[in-house]
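# Inside the fold
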Amino acid sequence: MQVNRPKRITPATLSEAGCAGSNPAGGTLDNASDIRDAALSADGRIAVTGESERVTVWTLADPAHPVKKAEPVLPENFAEATAMSADGRTIVVANAGRADVWRLDDRARPVHTAALDVPPIDMYDVAVTPDGKTALMAGAGGTGFLWDLSDPHRPVQSARLRGYSQDVGSVALNADGRIALMASPDRGLSLWDLHDLAAIAADPAGFVCSTSQWQLSRADWLRYAGGADLPDSGGDQDSVQLCAIH
């Protein structure tokens with residue numbers, strides 16, 4: 001059996017394979033080398049490339065002639081993972097120990113709005129919702145970091161998604177940021193339901209009590225409560241509803 005060696009994909013080879021039509025209009029990004037990650041706006045007119053020592057913003061209004069618009073200055077001089085909102089106005093760049101948020105309201109003059117405090121670990125992937133208001137990043141160590149970017153100048157870490165013993169290599173968010181996917185070697189692909197995240201953050205104990213009926217038997221109460229009277233939890237006195245104790 002003959003195995004063909006892989007070759008570099010270019011607009012020409014895409015055309016030959018029947019993937020780009022008979023008259024491809026694609027161009028190449030000059031001086032884009034050692035690219036670690038890339039992101040594209042929903043309309044295909046803005047691209048961001050994360051390279052070993054820089055991030056570059058490109059305009060693709062004329063796909064045959066991509067134009068470099070800006071190179072935001074990276075505080076750590078390194079870009080491991082890059083993501084962009086659908087409208088092309090928010091980008092998040094992550095690396096070991098740091099992540100940064102940029103606004104691209106003026107494509108030629110990116111504005112650095114915030115630095116995200118992340119642990120000193122490599123970040124392998126970043127996802128941003130289409131509106132740019134939620135970001136998820138993960139990498140070495142097996143934890144996902146969810147950020148609220150509603151105010152790009154004052155981002156808030158809204159959750160840490162734990163449970164992995166190995167690296168997380170890929171993450172994704174749905175359009176409204178209420179469903180997350182994380183992929184790792186030890187657990188495969190995991191889905192996270194984030195619909196109740198705001199309620200949990202506002203009142204953790206109240207949320208737990210509203211969704212569960214934690215009980216302690218009378219015998220266990222007498223064993224562990226240090227002689228305290230059995231509280232009246234409004235039910236069977238053979239057990240104590242823990243959420244009814246104030």
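This one's a predicted model, so the numbers in the text were calculated from it and none came from an experiment. (Residues numbered from 1 in each chain as written. Predicted model: local features only at pLDDT ≥ 70, side-chain atom pairs only at ≥ 80, totals over all residues. Heavy atoms only, no water.)

### Some thoughts on the side chain of T134
Tracing the chain through its elements places T134 in strand β10 (residues 134-139). Owing to a relative accessible area of 16%, T134 belongs among the buried residues under this scheme. When sequence neighbours within four positions are dropped, the list of residues in contact with T134 reads A127, V128, T129, L146, W147, L149 and L173. (Helix = DSSP H or I, 4+ residues; strand = E, 2+ residues; numbered from the N terminus. Buried < 20%, exposed > 50% of the residue type's maximum accessible area, 1.4 Å probe, protein only. Contact = heavy atoms within 4.5 Å.)

### Some details on the side chain of T90
For T90, the position within the fold is in strand β6 (residues 90-95). When its relative accessible area of 4% is taken as the criterion, T90 is described as buried. Polar side-chain contacts of T90 include one of 2.8 Å to the side chain of R103. In contact with T90, other than residues within four places in its own chain, are A83, M84, S85, V101, W102, R103 and G132. (Polar contact = N/O pair within 3.5 Å; in protein donor to acceptor, adjacent residues only side chain to side chain.)

### Let's talk about the confidence of the model for the protein
Considering every residue of the protein, the mean pLDDT works out to 78; 69% of them sit at 70 or more. Summarising per-element confidence for the protein, the mean pLDDT is lowest in helix α1 (residues 11-16) (38) and highest in strand β13 (residues 170-173) (94). (pLDDT = per-residue confidence, 0-100.)

### Comments concerning the nonpolar core
Counting 16 residues, the largest nonpolar core has V92, L116, V126, M137, W147 and L149 as its most contacted members. Top contributing element to this core by residue count: strand β9 (residues 123-128), with 3 residues. Core analysis: the second largest hydrophobic core is formed by 14 residues, A127, L146, L173 and M182 among them. (Core = buried A, V, L, I, M, F, W, Y, C linked by side-chain atoms within 4.5 Å.)

### Observations regarding the sheet that holds β10
Hydrogen bonding along the main chain pairs the strands of a sheet, whether they run parallel or antiparallel. Overall, antiparallel pairing links the 4 strands, which are arranged β9-β10-β11-β12 in an open sheet. Two strands bound the open sheet, and with one partner strand each, they are β9 and β12 (156-161). Between one strand axis and the next, the sheet turns through 20° on average, direction left out of account. Sheet topology note: the β10/strand β11 (residues 144-148) ladder contains 5 bridges and is antiparallel. If you follow M137 over to β11, its bridge partner there is F145. (Pairing = 2+ DSSP bridges. Axes fitted to C-alpha atoms, helices over the stretch in contact; angles between N-to-C directions.)

### Here's the deal with the sheet that holds strand β14 (residues 179-184)
Pairing within the open sheet is antiparallel, and its 3 strands lie in the order β13-β14-β15. The open sheet terminates on both sides in strands that have one partner only, identified here as β13 and β15 (188-193). Each strand axis lies, on average, 15° off the axis of its neighbour in the sheet, ignoring direction. Sheet analysis places β13 next to β14, joined by 4 bridges and oriented antiparallel. Each bridged residue has a counterpart across the sheet, and for A172 the counterpart in β14 is L181.

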